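Residues per chain are reported as follows:
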Amino acid sequence: NQPIVTLNNGVDIPALGFGVWQMEDLKECENAVIKAIQTGYRMIDTAAIYMNETAVGAAIKNSGVDRDELFITSKLWVQDHGYEKAKLAFQKTLDRLQLDYLDLYLIHWPFGDFLGAWKTLEELYQEGKIKGIGVCNFTIEKLEELKAHSTVMPVINQIELHPIFQQKELQIYNSENKIVTQPWSPLGNGNADLLNNETLKNIAERHDKTVAQVILRWHLQEGFVVIPKSVTPSRIEQNFNVFDFELSEDEMNTVRSLDTNKRIFFDPQDAEWEQKMLNSVADI
Ligand code: A2P
C-alpha cells in the first residue's frame, strides 16, 4: 500500500526505492539492502558497474520477502553495448542477482552502440525476461535517436536530478513522451550545501521533518520515481518515512526555485567523459 507510479507499458513501480550506487563494500551493501527491505522498500536499483549485484542478490534471497513482491532494476554497462554482448551481459546480471527475470533493465549511458543494445533489450522484453526497459543519462537528442530506431519506447529515463539541478527541459520532454523521470542522486549525493540549505530547513521545521525528507517528498510530488542511497540504518528508515506529510504548492514552488542548473556529476554531453567510459576496462 505504498505509492506507485504506472509506467507507459502498464507495469507498476514503487515510487520510492533504494539505490546502491557507491556501495563497494559487499557485506555493507548486503546488510543495507536487507535493512531497506525490512523497512518496507520494495524497489532496489543496482547496475553491473556498481560491482555489487551479488550482494544485492544475496540480500534478496535472505530478506524473507518473496521475489515477486520486489521490483529489481539493473543496468547494462557501456562495454557491453552491441547486440551479442548485451545478451551475455544480461545473463551475467541475472546470475549474479540469482534471479530469472528483471523488473527493469536500463542502458546505463547513451554511448557506443546503444542502438544495438536496445535491440537486445527489446527482444528480452518481448520474451518476458524483463518487465520494462529504459535508459539512463539520455539527453533529448539521444532519446530522439533511440525513438527513430526502435519499436519499444523506454519506460524510464534515469538522470541526475535534485533541487539544485532539475533538468526542467528534459523533465518536460520525458513526460510529453510518457517516459517516467527517475532522479539519481536525489539528495544531491548528500551535498552539504543542499542538506544545510536555509530555505529547505525552514520547510523541514514547519513539517517536523528533516531536509532529506523534504527533498524526497518534493521528488514524489513531482511524480518522479526516487531512489535515495544510504548505508546508515537510521537514514534508511528516515528516507522511507515520507508518506505522512505533504508539501503545499507554495513549498513545491520554493523548492523548484532552488534550481541552479549545475550538475554535481558527469555530463553525458562531455566527449571526454564519453571516451573515458568507452576506453575504460571494466572487469564486470
Ligand atoms: P550514507 O550512505 O553514509 O548514509 P544520493 O542518494 O542523493 O546519492 O545521496 C547519498 C548520500 O547521502 C550518501 O552519502 C548518504 O550517506 C547520504 N544520505 C542519505 N540519506 C541521508 C539523510 N537522510 N540525511 C543525510 N544524509 C543522507
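Calculation rules
- Residues numbered from 1 in each chain as written.
- Predicted model: local features only at pLDDT ≥ 70, side-chain atom pairs only at ≥ 80, totals over all residues.
- UniProt positions renumbered as here; feature names shortened; annotations may be inferred.
- Helix = DSSP H or I, 4+ residues; strand = E, 2+ residues; numbered from the N terminus.
- Rg over C-alpha atoms; globule rule 2.2 N^0.38 Å.
- Buried ≥ 20, exposed ≤ 12 C-beta atoms within 10 Å, placed from the backbone.
- Near = placed C-beta within 6 Å.
- Pairing = 2+ DSSP bridges.
- Right-handed = clockwise from strand over helix to strand, strands pointing away.
- pLDDT = per-residue confidence, 0-100.
- Core = buried A, V, L, I, M, F, W, Y, C linked by C-beta atoms within 7 Å.
- Contact = placed C-beta atoms within 7 Å.
- Axes fitted to C-alpha atoms, helices over the stretch in contact; angles between N-to-C directions.
- Left-handed = near helix turned anticlockwise from the far one by under 90°.
- Nonpolar A, V, L, I, M, F, W, Y, C, P; charged D, E, K, R; others polar.

An unreviewed UniProt entry annotates the chain as 2,5-diketo-D-gluconic acid reductase A originating from Kaistella antarctica. As its UniProt record puts it under Sequence similarities (unreviewed entry), the chain is described as follows: "Belongs to the aldo/keto reductase family."

Draft legend 1. Region of the structure containing the overall build of the chain. Secondary structure assignment for the chain yields 12 helices and 9 strands. Computed over C-alpha atoms, the radius of gyration of the chain comes to 18 Å, within 12% of the 19 Å expected from 2.2 N^0.38 for 284 residues, which places it in the range of a compact globule. C-alpha atoms of the chain, sized along the principal axes, occupy 55 × 40 × 35 Å. Every one of the 284 residues in the chain was classed for burial, and the buried ones make up 46%.

Draft legend 2. Spatial organisation of unusual backbone geometry. We note that Gln 98 has phi near 55°; this positive angle belongs to a residue other than glycine. The residue Gln 98 is located in the loop between α3 (83-97) and β6 (104-107) in this model.

Draft legend 3. Layout of the site of the ligand. Near the ligand there are 18 residues, and of these Leu 187, Gly 190, Ala 212, Ser 230 and Thr 232 occur at the shortest range. The element contributing the most residues to the shell around the ligand is helix α10 (residues 233-240), with 3 residues.

Draft legend 4. Focus on the environment of Ala 204. Secondary-structure assignment places Ala 204 in helix α8 (residues 198-207). With 19 C-beta atoms packed within 10 Å, Ala 204 lands in the partly exposed category. Distance in space between the C-alpha atoms of Ala 204 and Glu 160 is 23 Å, their sequence separation being 44 residues.

Draft legend 5. Structural view of the pairing of β6. Residues Leu 104 and Leu 106 of β6 are buried on one face, and the alternating residues Tyr 105 and Ile 107, pointing to the opposite face, are buried as well. Two strands pair when backbone bridges link them, and strand β5 (residues 71-76) and β6 are joined in this way by 4 bridges, in the parallel orientation. For Thr 73, the partnering residue across the bridge sits in β6 and is Leu 104. This β-α-β element, β5 to α3 to β6, shows right-handed connectivity. Tracing the backbone out of β6, into helix α4 (residues 114-126) and back to the parallel element strand β7 (residues 133-136) gives a crossover that is right-handed.

Draft legend 6. The arrangement of the confidence of the model for the chain in detail. Counting all residues, the mean pLDDT for the chain is 97, and 100% of those residues have values of 70 or more. This prediction of the complex comes with two scores: 0.97 for pTM and 0.99 for ipTM.

Draft legend 7. Expanded view of the nonpolar core. Ranked by size, the top nonpolar core spans 80 residues in total, and within it Val 33, Val 56, Leu 76 and Tyr 105 carry the most contacts. Counting residues per element, this core draws most heavily on helix α9 (residues 211-222), at 7 residues. The residues contacting Leu 76, other than those within four sequence positions of it, are Ala 48, Ala 86, Ala 89, Phe 90, Tyr 105, Ile 107, His 108 and Ala 117.

Draft legend 8. Local environment of the packing of helix α1 (residues 26-39) against helix α2 (residues 53-62). Close contact between α1 and α2 brings their axes to 8 Å; oriented N to C, the two are set at 40°. For the pair α1 and α2, the sense of crossing is right-handed. Together, Leu 26, Cys 29, Glu 30, Val 33 and Ile 34 of α1 and Thr 54, Ala 55, Val 56, Ala 58, Ala 59 and Asn 62 of α2 make up the contact between the two elements. Residue composition of the contact of α1 with α2, grouped by class: 8 nonpolar, 2 polar and 1 charged.

Draft legend 9. Main features of the UniProt feature "active site" (unreviewed entry) in the chain. UniProt's entry tags Tyr 50 with the feature "active site" (unreviewed entry), counted in the numbering of this structure. Note that Tyr 50 resides in the loop between β4 (43-45) and α2. Tyr 50 gets classed as buried once you count the C-beta atoms within 10 Å, which come to 22. Contacts of Tyr 50, omitting those with residues within four sequence positions, involve Val 20 and Trp 21.

Draft legend 10. Structural context of the sheet that holds β5. Strand order in the open sheet formed by 7 strands is β3-β4-β5-β6-β7-β8-β9, and the pairing between neighbours is parallel. Of all strands in the sheet, those bounded by a partner on one side alone are β3 (18-19) and β9 (180-184). Here β3 runs beside β4; their pairing, made up of 2 bridges, is parallel. The residue bridging Gly 19 from the neighbouring strand is Asp 45, located in β4.

Draft legend 11. Spatial organisation of the UniProt feature "binding site: substrate" (unreviewed entry) in the chain. In the numbering adopted here, UniProt assigns the feature "binding site: substrate" (unreviewed entry) to His 108. Mapping His 108 onto the fold places it in the loop between β6 and α4. Beyond its immediate chain neighbours, meaning those up to four positions away, His 108 contacts Ala 47, Ile 49, Lys 75, Leu 76, Trp 77, Val 78 and Cys 136.

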